Structures are given as C-alpha cells and as structure tokens.
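Summary of structural features
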Amino acid sequence: MKRLFGFILILLVSGLQAQQSLPSLNLKNLEGKTINTADIAKTGKPVILSFWAIWCKPCQKELDAFNEHYAEWQAETGVKIVAVSIDDSRSVSRVAPFARSKGWEFEVLLDPNGDFKRAMNVNMIPHTFLLDAQGKIVSQHTAYFEGAEFELYEKVKALAGKKK
Amino acid sequence: MKRIIISILLALFCSAANAQQPTVNGSFQLDAQAYFTDAAIGITDSALAGQRSGFNGFGNVLINWGDFRAGLRYEAYLPPMRGFDPRLEGNGFANVWLSYRTDFAEITAGNFYEQFGSGLLLRTYEEWSLGYDNSLNGLRLQLFPAKGITLKGVYGTQRFFWQGYQRNSRGLVRGLDAEFNLNELLPDRESAPWRLSLGISGLSKYQRDADPIYVLPENVGGLAGRITAGWGNFTLAAEYAQKVNDPSATNNFIYREGRSALASLSYATRGFGAVVQLKRVDNMGFKSDRSQLGNALDINFIPPINRIHAYSLTGKYPYATQANGEMGMQLQLNYKIPRGSLLGGKYGTSVALNFSQVNDIARTALNDTTAIGQDGTKGYHSKFFAVSDHVFFRDFNIEVDKRFSPKLKGLFQFMNLHYDIATLQGHAGEEAVEANIALADITYKLSNRKALRVEAQVLMTKQDMGDWAALMAEYTIAPKWFVSVGDQYNFGNPGKAMRKHYYTVSAGTTRGASRLALSAGRQAEGVVCIGGVCRQVPASSGVTVTFSTSF
C-alpha cells in the first residue's frame, strides 16, 4: 500500500502541473438556470471568482467592497465577478433575496452541497480566485481584510494590460 | 476497494494514450492545540485526563487529466482535539476516488458526496470544523441524456470514522434521482418569464435484522418529490419526503412511517428581498445503522431553517434539528434603504429582519393502554399540521448595517431568544433560556490597507450561565496581517465564583491561499452546530495553531 502511494507520488511529481483551469460541474444561478463551471472563465476577460455564504460576515464585506467598485472596474478592465454561495439547504433559500437586496451587480451561483468548493480545494471562506482572460487561475487568496480589494484590483489591471 | 482504485489510477498514469497534460490541485490543513490546566475555570489535571494536546490534520490532492479526475484525502487525528468525537482517533486515507466525465455521463468510483434535492432523503457531506463525514463509498452514475435532464444512481456504504465495511457491519444505501428543468428541456423556453423544475428521488437502505426481540424491516425505502417554480421575482420551492417504518435507537424503536416537508416562498428584487419558509418533520431520522445514536451514519439531512448567527454571543445557543418531530417557520426580510434618503444617509443602509420559531409536533396516543412513543408499537398519531405548544426555539432578530463616512461603518444587531436547553442540549430539567442579545461591530479605516474593528456584545439571561459580555478589537493590514485581543466575561453567572473572564489573543498572516493563525487564551464551554450535527466544545485553556494552504 505504502509503496504504491510512493510510486504514485513519483509519477505525480514527474508529470504534473498545478491546476490551471476550472473543472466542469453543473451549478444553478439565482434564476435556476444551469451553468457549467468550466464556462465561467470563457469571457475573454479576467474573472474574479469568490466563494462566500450568507453566514460569513467577512465574505459579505469583501463582496460589498467589490460591488462598490464593480462598474468602474468593468469599464477599465472588463473584469467579471462571479460569487459562489456555499450555503447548504439550511440557508440556500435565503441567498437570492439576500443578494438581490444588497444590489450586487455580479452573477451569484449556488453550490449547496459544496461540489465546486471541494473541486477547488476551498476550505475556509472567503476564498477568492483570479483567472486571466484565457481562463487560467493566476492567483488565489483566503480571508478578507478591509482594503484587500485594492491589491486584487492591481493584479486585475496587470492582467488586462492596462496601466493607469 | 482502495487497492482497485489505486491500480486503476496507476494504469491511467502509465498509459500514454492521453495526450493532455495532467494537472493537480490540493490543500492541507493542520489544527493543533496544547492544553493547560487552569483551575480558575475548572480545568484541573483530572479534567484534562492526560490529554495535553490535540492534532487534527488533512491533506487533499485532486488530479485532473482530460475527462478523468481522481482524488486522495488523508486525515490524521492524533489524538483528536478536545470536543471532537474520540472515535476519530487514527490516521489514513479517508477518501480515494476516480471519476470519468463526458457530455453524456459521469461515473465515480470510491468515496463521494451526493445530495438529492435539499437532502431530506439523501445527503452525504463533510464538515471539517465538526469532524463530521458521512461520505458514501461505492459507485455513482450520473447521466445527462438531454439538456435539462439529470439522472443519478448511487450505491455504497457510509464512512464510519475509521471502521471499514464488513458484511452486515452496517447498512447499504442505494438511491436514484431524476431532475427535469423544463425551461431547458422544452424548446425556446430558456428565457421564458416562468421557471419550472421538478425532481423525484427514491432511496433504500438494507440492514440485516439481528434483533433478539423485534422483527425489523431489513429494507427501508423512501420517496421524495420536489418542485421549484418561479414567476418574475417570485420563487416557490417545495419538497416532500416519506419513508416506511424504520424502528431505530433514534425513535425508540417505533414502527411508524417517517414524513417531512420543506417549503419556501421568496420575493427578490433590487434592494428588497423576502422569504418565508415552513418545515415539518415527523419521525424522519434516517441512519445506515439503526442502532446508532449521535453524529454518525446519517443518510438524510433535515436542515434547521433558522438564521445562522455569525457572532460569538448570538451564536451561543444554536438550534439543532429534532429528527423525531418538529414544526417550524422562518421569515426573513432584507431591505436596502436607498442612498440619499432620510434613513439611508449618504451611503444607504441595509436592514435585515428575521423571525423563526420551531415547536414540537402534537402527538396523540394510539389507544388507552399504550404510551406515546412506546417501543415496539406504531408510536403515536399525529395529523400533518398538528403542532404542540411546546416551543423548542424562537429567534427574533434585527440587523442594521450602515456606513457613516468613507472611513467608518457599523453593524448593529438585536436578538430575542427562547431556547429549550433541556431538549436541545440535553440539560434535563433545566428551564428554557430567555435571552436578549445586543451587539455592535464597528470598522474604522485608518488608511487604504489598515483598519481597526471593534466588536462589543452583551447577552442578558436569568437562565443557564447567566449574563455575558464580550469585547474584541482587531487590527488588520490588508491583505496579509491581523492581530486581535478579546475577552468574554460571564459577569452574571448565578454562582459568584463562576464569574470568570475568558481572554484570547490571536494573530495571523495570510499569503495568497496560505493562512497561519495562532491564538492563546481561554475558550468558554459551548456548542458548535451545523445542521442537525452539534459538537460540544468543553472549556479549555491553551494555545491553538491553525495552518492551511490550497494550491
């Protein structure tokens, strides 16, 4: 058993690269429409992908901060934000009323049994990924502290190739 | 099973047939605690019982190679931290799986997580913070025969700590689920003003009857149906599940069928959202081993629908689903008072109002000579909407979130709580807790990257441990650093000698998706609940280190 795992490990190290793109899973958006997660990145623009839940206060602060700048960020770089709620059946019915009342302008997807969360190795939220225009994951970040959105946006600008 | 999967994995990696380059992602986490004696809060040598440390850790690797995906999850609890199930002690590969996906189908072999509808019949999931994992080990086939149709079939056995499956050591779980999204199924209805999707599932559990007294059903079947319908800003979602009689340790071996229903109606528009939700549960505990009590081998998931609180004192008395019977409702209103209005101020103000109440169901005796719930009988009668006046839980809360200036914002919350601690935490004979809780969470931005946050909370009650106050200050430098100091003070404890402070100091750093946090101090006794699963956290004094990373 142990030798097998050792062997696999060697194989892994020799031939593998870090994850670059999003896996293919079916999630629903707030309108109940099926969205394949592999399609999220197919916009030709950078994408911010953020995992959150309605019981997570730092997550809401982060998304509120994104929303405050979203129109400006979109105009400057074309960046798209997608927020994935990991609320399970305890709170998933409250997600749409909550997100709409917040006036969030970005798309919200529902991941009620954590399939996408697990596939992305998200263990603590907020956990935010930045994808380039080709859909490759270029960076990821956990936790949100006041003002962290500015550093993230610097990275978005670098990706979009626009220097202010 | 693991050997077979590993062999398949090996074969896969050795084959050069697939030209695509494989990619890997994964994560690691270690939670470690060192415990000290602290006589002031009752932690003596004998209370620690020789346990000076706890280590919970895992490593998770996922491999993606074209249409193939595979995963390995290693866990080590040596020994588990205090408050986690002692049966977790051990180490090894908790999850090994392989899946293959095309546009038409996906097949998974090994350990997997699945949920039918909202989980009233089947939900397997993993919750690290509780040490809970009921994954199925078996096969899952998903078919996508046409746009808008998803069919699923699963069979397997559930994870039971580190105990492998042996013939008849626990039940087998088999299930089928079909979901139809009519907007996607019918031509040209994708952007219709209405939305409709329907689902149906069936599940069966097989467990051998070895009971010396009763003749028990070896096959326990269940059926569930669900609908989600929307028109404009309105959405209605409802699910009903029923199972045949399943005498178990949970329901005191009664031969009554189980029923549950969950329904919600919501309205959502820009700046305003409302949702009302109803739930009924009658004898719906469902485990793959009928003799199990407690947090293991649950096949289904009955969601508690009350608000999930995010602060230490509002979350001090969490609700836990009562699988044997409960009837509850919740109502939530979210409103954003627009900018520029009198109450909205310059930046707008968010207001959230939430009410929930859960009662026991009303039960009547089967006849004059049989007590309600007597084992070996059909238990009791209960009409579908019959509610008892025994209140398990009531929570009314209002939250206001307001920005005062570009630098200053605050969140204020008030909560009124009724909590039947005798039922919900097993404190037999104790009076229900009636509490009022108020809190303020203020953030002040010192610069673009530096901020100071202060949380002040107070909980007033005459029951249980009496009044609490909590104060916490946190200084953050985005995106990397935080340091915080806090104190919870049990100033109103009925026993004067028990009026103690619980200080904590924490600091941590985040680099990309890696996080290291350290904290030292006292942890008050409490309960962490997620779903129907709760973990009692004993009072402790010591140092906690958490390291996690994803790649």
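What counts, and at which threshold
- Residues numbered from 1 in each chain as written.
- Chains lettered and ligands numbered in written order.
- Predicted model: local features only at pLDDT ≥ 70, side-chain atom pairs only at ≥ 80, totals over all residues.
- Heavy atoms only, no water.
- Disulfide = S-S within 2.5 Å.
- Buried < 20%, exposed > 50% of the residue type's maximum accessible area, 1.4 Å probe, protein only.
- Phe/Tyr/Trp six-rings, centres within 6.5 Å; stacked < 30°, edge-to-face > 60°.
- Helix = DSSP H or I, 4+ residues; strand = E, 2+ residues; numbered from the N terminus.
- Domains from an automatic or database assignment.
- Contact = heavy atoms within 4.5 Å.
- Buried area = accessible area lost by both parts, 1.4 Å probe.
- Salt bridge = Lys/Arg side-chain N within 4 Å of Asp/Glu carboxyl O.
- Patch = residues over 30% accessible without salt bridge, like charges linked within 9 Å, V, L, I, M, F, W, Y side chains within 5 Å.
- Areas by Shrake-Rupley, 256 points an atom, 1.4 Å probe, with all protein chains shown as cover.
- Axes fitted to C-alpha atoms, helices over the stretch in contact; angles between N-to-C directions.
- Parallel < 35°, antiparallel > 145°, perpendicular 65-115°, else oblique.
- Left-handed = near helix turned anticlockwise from the far one by under 90°.
- Nonpolar A, V, L, I, M, F, W, Y, C, P; charged D, E, K, R; others polar.

**Remarks on the state of the cysteines**
Residues and elements named next belong to chain A. Within this structure, the stated rule accounts for one disulfide over all chains. Covalent S-S linkage joins Cys56 and Cys59, the inter-sulfur distance amounting to 2.0 Å. On the sign convention where negative is left-handed, the bridge of Cys56 and Cys59, at about 80 degrees about the S-S bond, is right-handed. Classification of Cys59 as buried rests on a relative accessible area of 0%.

**A look at the packing of aromatic side chains**
Under the counting rule described, the total for this entry stands at 31 aromatic pairs over all chains. Seen in terms of ring centroids, Phe98(A) and Trp104(A) are 5.9 Å apart; in terms of plane orientation they differ by 80 degrees. Their pairing is edge-to-face. With 5.2 Å between their ring centres and 50 degrees between their planes, Tyr317(B) and Tyr419(B) make a pair best called tilted. Here the residue Tyr317(B) occupies a position in the loop between strand 15 (272-282) and strand 16 (325-337), and Tyr419(B) occupies one in strand 19 (residues 408-419), the gap between them amounting to 102 residues. Its relative accessible area of 1% is what places Tyr419(B) among the buried residues. Among the aromatic residues, ring-to-ring pairing joins Trp52(A), Tyr70(A), Phe98(A), Trp104(A) and Phe106(A) into one connected group.

**Observations regarding the domain arrangement of chain B**
Residue and element names in this part refer to chain B. By the assigned domains, chain B splits into domain 1 (1-101) and domain 2 (102-260 + 278-303). Summarising the inter-unit geometry, the C-alpha centres of domain 1 and domain 2 are found 25 Å apart. Across the boundary between the two partners, domain 1 contributes 27 residues, which contact 24 residues of domain 2. Together, the buried faces of domain 1 and domain 2 total about 2,100 Å²; carbon and sulfur atoms form 54% of this surface. Where domain 1 packs against domain 2, one counts three salt bridges. Residue Arg101 pairs with Glu106 through a salt bridge whose shortest N-O separation is 2.9 Å.

**Details of a nonpolar patch on the surface**
Residues and elements named next belong to chain B. Together, Tyr444, Leu446, Leu452, Val454, Leu471, Tyr475 and Val483 line one region of the surface with nonpolar side chains, adding up to about 560 Å² of accessible area. Of all the elements in the fold, those that place two or more residues in the nonpolar patch are strand 21 (450-461) and strand 22 (468-477). Take Leu452: it is sitting in strand 21. On the basis of relative accessible area, Leu452 is assigned to the partly exposed category, the value being 36%.

**Side note on the pattern of salt bridges**
With the rule as written, the count across this model stands at 38 salt bridges over all chains. Of the charged contacts in the structure, one is a salt bridge between Lys42(A) and Asp39(A), with a shortest N-O distance of 3.1 Å. Of the charged contacts in the structure, one is a salt bridge between Arg140(B) and Glu114(B), with a shortest N-O distance of 2.8 Å. Residue Arg140(B) is found in strand 8 (residues 136-143), and its partner Glu114(B) is found in the loop between strand 5 (105-112) and strand 6 (126-127); the two are separated by 26 residues along the sequence. One exposure class covers both Arg140(B) and Glu114(B), and it is buried. Members of the salt-bridge network, linked through shared partners, are Lys61(A), Asp441(B), Arg453(B), Glu455(B) and Glu474(B).

**Observations regarding the packing of helix 2 (residues 57-77) of chain A against helix 5 (residues 148-160) of chain A**
Residues and elements named next belong to chain A. Direction vectors running N to C along helix 2 and helix 5 enclose 15 degrees, while the axes themselves pass 12 Å from each other. Between helix 2 and helix 5, the angle is such that the two are roughly parallel. With respect to the hand of their crossing, helix 2 and helix 5 are arranged in right-handed fashion. Across from Ala65, Phe66, His69, Glu72, Trp73, Glu76 and Thr77 in helix 2, the residues of helix 5 making contact are Glu149, Phe150, Leu152, Tyr153, Val156, Lys157 and Ala160. Across the contact of helix 2 with helix 5, the residue classes break down as eight nonpolar, two polar and four charged.

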